[in-house]
Amino acid sequence: MVTPKLKLKSLHVKVSLAVATGALFIMLVSSYFFYQRIYDRSLAESERSVQQLLETVSATAAIAAYVGNKELGQEVVGGLTKNDIVIGAEITANNETIGAQGKHIVKGGPTYSNLKLIGPFDPKEIVGELSVLTNLPLIAKRARDSALATTFSLAAQAAVIAILVLVLVYWMMTRPLSSLSKRLHGIIPGDGKRLDVQTKHKSDEIGLLVNDINSLLTTVEKMLLEERQLRHRVELLEHRFRGIFEDSSAGIFLVREDGTMVTANPAFFKLTGKFNGLDDVAPDTNIVKETFLIPDQARGLIKLAIVSQRPCSCDLKISSANSDEKDRWVHCIFSPAGEDQSNPVVEGVMYDITQRKLTEDITRELAEKDSLTGLANRQAAELVLKDLTTSRLQTGGGFVVMLIDLDRFKFINDTYGHDAGDWVLKTVADRLHRRVRSSDVIARLGGDEFLIILTQTDNRLKVKELAEKLLADQQQPMEVQPGFFETVAMSIGIAFYDRKEDNETSIRKHADQAMYSVKRNGKNGYAIYNPMGKHDIFIANKALS
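Residues numbered from 1 in each chain as written. Predicted model: local features only at pLDDT ≥ 70, side-chain atom pairs only at ≥ 80, totals over all residues. Heavy atoms only, no water.

Attention now goes to helix α11 (residues 409–416). Residues of α11 that are buried: F409, I412, N413 and Y416. Buried residues along α11 cover an arc of 100° about the axis, so they all sit on one side. Facing away from the buried side of α11 by more than 90 degrees, the exposed set consists of K410 and D414. Elements in contact with the buried residues of α11: β10 (400–407), α12 (418–435), β13 (478–481) and β14 (484–486). G417, located one to two residues past α11, shows a positive phi value of around 105°. (Buried < 20%, exposed > 50% of the residue type's maximum accessible area, 1.4 Å probe, protein only. Helix = DSSP H or I, 4+ residues; strand = E, 2+ residues; numbered from the N terminus. Arc of directions from axis to C-beta. Contact = heavy atoms within 4.5 Å.)

Pasting the structure below:
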């Protein structure tokens, strides 16, 4: 069933059908044209033959008409009717029939022909008329026969030419191309084989086609070789990258914008501890939500990587699979992976930095805490003040700074020694810590100087109440040495943050000014800073304004 279809689609068959169709069309058109032309010419020649026949006997017919000789006239018409194209003849003179033979003549009919008879002595004298009826069917039949013969001859010539063209096309084009196609089918790209150019086709289009095919085979062979080499290199790189991916100590994962996972390496699952492997992760699981303690931070980084098309990184906390374990810190790097913006994918790389974070926290704590009292030190207090003034400038709100200096501390330290002084400082720090909230900051600035930052209040009355409680706490005696008890007093300077005028330096300076006004007025009290210099001063058991 396949072979006939292939033959019908072959070039030779297509050319044969095209040539045959063209030849048939030309034959039909030319046959019609030549048939009509030859038919009309045959009819015209028959008419001329009749006229020539009439002219041949016109002289005899004119004499018969001139002398009225019926025998001669009858002999003339008899001779005319012997011709097979004449079926009737008649000679008339002076309205009298001189001779008649064959069918009766009706003047004016389609087969009627006549000739005026001229007198034998006077060329201008009409002596009679010779009329004939032509055998029109016979004339038409002869015309058709002649036309058909010519038409068949032309058709035969066209058929012979078409067959000759088909043979030449097959022998000069189809057969070489078919042979070339069979030889080409036997060549496998890359096997090194080439087509041979036959001598008779070296200078024609077949030879040019063979050379082009050989050039194409050479190009394809080079491309296949390069493709094999490239594929081999890609396989090596893929193997290496797969090894890096699988054996890496860093957790590597691919995640979509919606938080669902594409893939991840074993280190990721070992690091997070939430799943045993990729097979345990359901397709709709939001791995970002399951992994990170604050998912919004990770989502923001993923979105930033997609929008900016650049890597971004941050230290993030991951939730522990075991509730008894502490949460861990990882450093994450998110990078765009792929160019499909309709469904973007981000590559994440994470490695455990929990120990580093703990070390940093310890280092920061040592750097920002007072080693004796455990309170924040001067550096930490200055950072808090700077952050508060910056944030309050943008968001509004206020805070309060209380600068404290111990009275009688120098006496106790000189009298009982440094150990007693250290004990007093730790006791005072503990008493201060019990009075303020966890959101407030207590710092030891150095020596016997302390700083309290009330971060979430600007209520004047409550600040006064707190200051009085702090003063009252210090009235409780402290055992500085076995059997020896002492009390200390405080001078407290208070400054309220003014968003229009204050910064981290000025507010502390204002608290310092208020504190020294207390010392000048008897110590053991507090004063609230007033920019006009009239500070609101309270001395224990005595209030001054």
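Here we come to the pairing of strand β1 (residues 86–93). When a strand is regular, its side chains alternate between the sheet's two faces. Counting buried positions along β1 gives seven out of eight residues, so the element sits mostly inside the fold. The sheet contact formed by β1 and strand β2 (residues 96–102) spans six bridges and is antiparallel. Considered in β2, the bridge of I91 is made with G99. Between β1 and β2, which pair antiparallel one after the other, the connecting turn spans two residues, and N94 there sits at a positive phi close to 55°. (Pairing = 2+ DSSP bridges.)

As a further point, take the environment of F268. When you line up the elements, F268 lands in helix α6 (residues 266–272). A C-alpha to C-alpha distance of 120 Å links F268 and V86, two positions 182 residues apart in sequence. Residues within four places of F268 in sequence aside, it is in contact with G251, I252, F253, M261, I287, T291 and M350.

Here the focus is unusual backbone geometry. Look at N94: it is not a glycine, yet its phi comes out positive at around 55°. Inspection of the secondary structure puts N94 in the loop between β1 and β2. With a phi close to 70°, R408 is a non-glycine residue in the positive phi region. Following the sequence through the fold, R408 ends up in the loop between β10 and α11.

One open sheet accounts for five strands, arranged β6-β5-β9-β8-β7; its pairing is antiparallel. Either end of the sheet is taken by a strand with one partner, and the two such strands are β6 (261–264) and β7 (312–318). Shown here is a sheet whose adjacent strand axes are inclined to one another by a mean of 25°, direction ignored. Sitting on the sheet, helix α8 (residues 295–308) is in contact with β5 (251–256), β7, β8 (328–337) and β9 (345–352), with an inclination near 160° to β7. (Axes fitted to C-alpha atoms, helices over the stretch in contact; angles between N-to-C directions.)

Quick look at the pattern of salt bridges now. Following the criterion strictly, the structure yields 17 salt bridges and no others. Across the pair D430 and R434 runs a salt bridge whose closest N-O atoms are separated by 2.4 Å. Remark: R434 and D430 occur in helix α12; sequence separation between them is four residues, near one turn of the helix. For D430, a relative accessible area of 39% translates into the label partly exposed. The class for R434 is exposed, based on a relative accessible area of 57%. (Salt bridge = Lys/Arg side-chain N within 4 Å of Asp/Glu carboxyl O.)

Note that all results are geometric; they support no functional claim without further evidence.
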